[in-house]
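Each chain is listed here by its residues.
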Amino acid sequence: MGVTEKIKEIEDEMACTQKNKATNYHLGTLKAKLAKLKSELLIEGGSKSGPAQDNFDVARAGDARVALIGFPSVGKSSLLASITETKSEAAAYEFTTLTCIPGNLYYKGTRIQVLDLPGIIEGAARGKGRGKEVIAVARSADLVLMVLDAQKEGLQRHREILEGELESVGIRLNKSPPDITLSQKATGGIKMNNTVPLTNFGPDPQKTVLNMLKQYKINNAEILFRCDATVDEFIDVVIGNRKYVRCLYVYNKIDTITIEEIDGLARMPHSTVISVSDELNMDTLIEHIWEYLGLTRIYTKRRGQAPDLEEPVVLSSIRKGTTVKSLCQNVSQQMLRDFSFAMVWGHSAKHEPQRCGLSHPLMDQDVVQVVTMSAKEQRNDKNYQRQVQAFDDAYKKKKKAARDLKMKKVGRLVR
């Protein structure tokens, strides 16, 4: 029996099983088997040799990345052309866009990379219609813009289908990672603790967890639940390759439906309504993109000088965070290594200026002056000797490489 047949058999068994406290143990075991088989199916599909897929490897650029995902002919290319200066081919027939087309959205002093991807169809997670390449790009995005046709959504359930396709390859939309710690050990068996009651694992949660771990051949581990997690969330932690991405659902072509239908779509969670052809509500869409990306502009200043208000350092809560430490990492690792304290002006400061450490959270349009340690303070630092030794080792290694290269060239000349 192949992997596909096993998956179908387990799905049929789950559909026939009643959901109650008594069957939680059995359903948890089936879900663990199903997730493992789906992972194997994806690996098999990705390992098949074939012609190279061009134009999907777009270098990451700008302060954030947004991916446009949707069914064919819903207006993705028109939307890209509307909010950026890039002209993507748009036509009245399906599959107009066949490659990944990047564009840049400039807003509030930031540069946001927007990727127009080919339309995907049901079964994209299994490779239909270049679906795997499209979904792989979506995993690298900071925000997914799911573009939907407002006229067709009520009948064809495009939103539900696309959510299922992304869910099946480990992309979790508008969800946070569960507060579960799983540490595999060499010996000691399974040790499980929880700080809150587990209501989704049946009458004996430990038995359910042990049997699920058995499916993945994990026999020694320490597990700590700090939330009332579900079986699916625990499987995500065990597998460990899940991607949590924010998603904004964009209903296009609202000029073709009634005002009551527009109101119903606009009230759905994480949703906004637009019409690209009539340029309706485009400003609101761009503002929502900014909010969902969680970008923070920080202006830097030197001691005794005015702040630089022309080119802010843009931090993201999705990537490295928005603390003083994140700011130093964005500027240079040396600044982080030699950091002493920071002076902060703005909304995040209790008084201006406020002297802060690395863990201080920054807010949009704060002004920050980073003060590094003096030479004397660096010599008194506990890590100073280790840093000196690392620099010396790197210098000797570089010098040795240059000497070896020179000797190699001399040997060739002698021959």
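Presented here is a report on the structure given in the accompanying data block. (Residues numbered from 1 in each chain as written. Predicted model: local features only at pLDDT ≥ 70, side-chain atom pairs only at ≥ 80, totals over all residues. Heavy atoms only, no water.)

1. Quick look at helix H3 (residues 76-83)
Alright, step 1. All buried positions along H3 are accounted for by Lys76, Ser77, Leu79, Leu80 and Ile83. Along H3, the residues classed as buried sweep out an arc of 160° about the axis, all on the same side. (Buried < 20%, exposed > 50% of the residue type's maximum accessible area, 1.4 Å probe, protein only. Helix = DSSP H or I, 4+ residues; strand = E, 2+ residues; numbered from the N terminus. Arc of directions from axis to C-beta.)

2. Some points on the packing of H3 against helix H10 (residues 282-293)
Alright, step 1. Axis separation between H3 and H10 bottoms out at 12 Å; the angle between their running directions is 85°. Between H3 and H10, the interaxial angle falls into the category roughly perpendicular. Contacts from Leu79, Ser82 and Ile83 in H3 reach Met282, Leu285 and Ile286 in H10.
Alright, step 2. When the residues that make up the contact of H3 with H10 are grouped by side-chain class, the tally is five nonpolar, one polar and no charged. (Axes fitted to C-alpha atoms, helices over the stretch in contact; angles between N-to-C directions. Parallel < 35°, antiparallel > 145°, perpendicular 65-115°, else oblique. Contact = heavy atoms within 4.5 Å. Nonpolar A, V, L, I, M, F, W, Y, C, P; charged D, E, K, R; others polar.)

3. Points about the nonpolar core
Alright, step 1. By size, the foremost hydrophobic cluster in this structure holds 57 residues, and its most contacted members are Leu79 and Leu285.
Alright, step 2. The leading source of residues in this core is H10, at seven residues.
Alright, step 3. Discounting chain neighbours no more than four positions away, the residues touching Leu285 are Leu79, Leu145, Leu248, Val250, Thr272 and Ile274.
Alright, step 4. Counting 19 residues, the second-largest nonpolar core is a separate cluster that includes Ala32, Ile190, Val209 and Leu213. (Core = buried A, V, L, I, M, F, W, Y, C linked by side-chain atoms within 4.5 Å.)

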